[in-house]
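# Commentary on secondary and tertiary structure
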Amino acid sequence: MSFREAWNLVGILASDPSSQIGAAMAGWDGPKSAEWLILADLYDLQHMSKAKRNPKPYPRPKSKKAPTKRVGKTQLATADAIKLLQSISPLRKAGPYRGPDGRFAKRPA
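Residues numbered from 1 in each chain as written. Predicted model: local features only at pLDDT ≥ 70, side-chain atom pairs only at ≥ 80, totals over all residues. Heavy atoms only, no water.

### Focus on the confidence of the model for the protein
We apply this condition: Residue-level confidence of the predictor is what pLDDT reports, using numbers from 0 through 100. Numbering of helices and strands runs from the N terminus; a helix is a DSSP stretch of H or I covering at least four residues, while a strand is a stretch of E covering at least two.
Within the protein, residue pLDDT values average 79, and 82% of them lie at 70 or more. By mean pLDDT, the top-scoring element of the protein is helix 3 (residues 34-50) (89), and the lowest-scoring one is helix 5 (residues 91-94) (52).

### Brief notes about the side chain of Ser19
For clarity, the cut-off: The contact criterion used is simple: two residues touch if any of their non-hydrogen atoms lie within 4.5 Å.
Its location among the elements puts Ser19 in the loop between helix 1 (3-15) and helix 2 (20-26). With residues near it in sequence (within four places) discarded, Ser19 still touches Leu13 and Pro31.

### Topic: the packing of aromatic side chains
Centre-to-centre distance and the angle between the planes together describe a pair of aromatic rings. What counts, and what does not: Side-chain rings of Phe, Tyr and Trp (the six-membered ring for Trp) are treated as a pair once their centres are within 6.5 Å; stacked means planes under 30 degrees apart, edge-to-face means over 60, and tilted covers the remaining angles.
The final tally for this structure, using the stated rule, is three aromatic pairs. Taken together, a centroid distance of 5.5 Å and an interplanar angle of 70° make the contact between Tyr43 and Tyr58 edge-to-face. Here Tyr43, found in helix 3, pairs with Tyr58, found in the loop between helix 3 and helix 4 (78-88); they are 15 residues apart in sequence, far enough to count as distant. Here a set of aromatic residues connected by ring pairs shows up, and it is made of Trp36, Tyr43 and Tyr58.

### Observations concerning a nonpolar patch on the surface
As a reminder, the rule being used: Within the patch definition used here, like charges are joined within 9 Å and nonpolar side chains (Val, Leu, Ile, Met, Phe, Trp, Tyr) within 5 Å, considering only residues with over 30% relative accessible area and no salt bridge. Throughout, the Shrake-Rupley method with a 1.4 Å probe supplies accessible areas, and for residues the shown protein chains are the sole cover considered. Salt bridges are defined as contacts in which a side-chain nitrogen from Lys or Arg sits within 4 Å of a carboxyl oxygen from Asp or Glu. Residue exposure (1.4 Å probe, protein chains only): buried if accessible area is under 20% of the type maximum, exposed if over 50%, otherwise partly exposed.
A cluster of nonpolar side chains, contributed by Ile38, Leu39, Leu42, Leu45 and Met48, occupies part of the molecular surface with about 500 Å² of accessible area. With respect to the helices and strands, Leu42 occurs in helix 3. Taking relative accessible area as the criterion, Leu42 reaches 47% and is therefore assigned partly exposed.

### Quick notes on the environment of Phe104
For Phe104, the position within the fold is in the segment after helix 5. Apart from the residues lying within four places of it in its own chain, the contact partners of Phe104 are Pro96, Tyr97 and Arg98.

### Digging into the side chain of Asp44
Locating Asp44 in the fold gives a position in helix 3. A relative accessible area of 11% places Asp44 in the buried class. Once you skip the residues sitting within four places of it in the chain, Asp44 turns out to touch Pro57, Tyr58 and Arg60.

### Observations concerning the environment of Pro17
Within the secondary structure, Pro17 sits in the loop between helix 1 and helix 2. Separated by 14 residues in sequence, Pro17 and Pro31 place their C-alpha atoms 5.8 Å apart. If sequence neighbours within four positions are ignored, Pro17 has contacts with Ala23, Trp28, Pro31, Lys32 and Leu37.

Next comes the structure, spelled out in structure tokens:
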């Protein structure tokens, strides 16, 4: 087996959440099949449709690498944050303009 073929096979295993390698690379506790993930979503949908209050979702596999808590908040006003983002990214200017309240609006002259 060549190195390229081995690399391709490892890539296939890494993208499969039902394999031990894929689960370990995602940082999960154990492998989960695609059916398990779909059934967890269906369980949540069914539970939400029957519950009077918003129920907690069925626990999903969590990555050990992912942050569990968001730290810090910005003190910028919405309009200032939009100006800052537009000055950083030229792609933001090409799309439809959103006003300070976040709604679509006419671009100021």
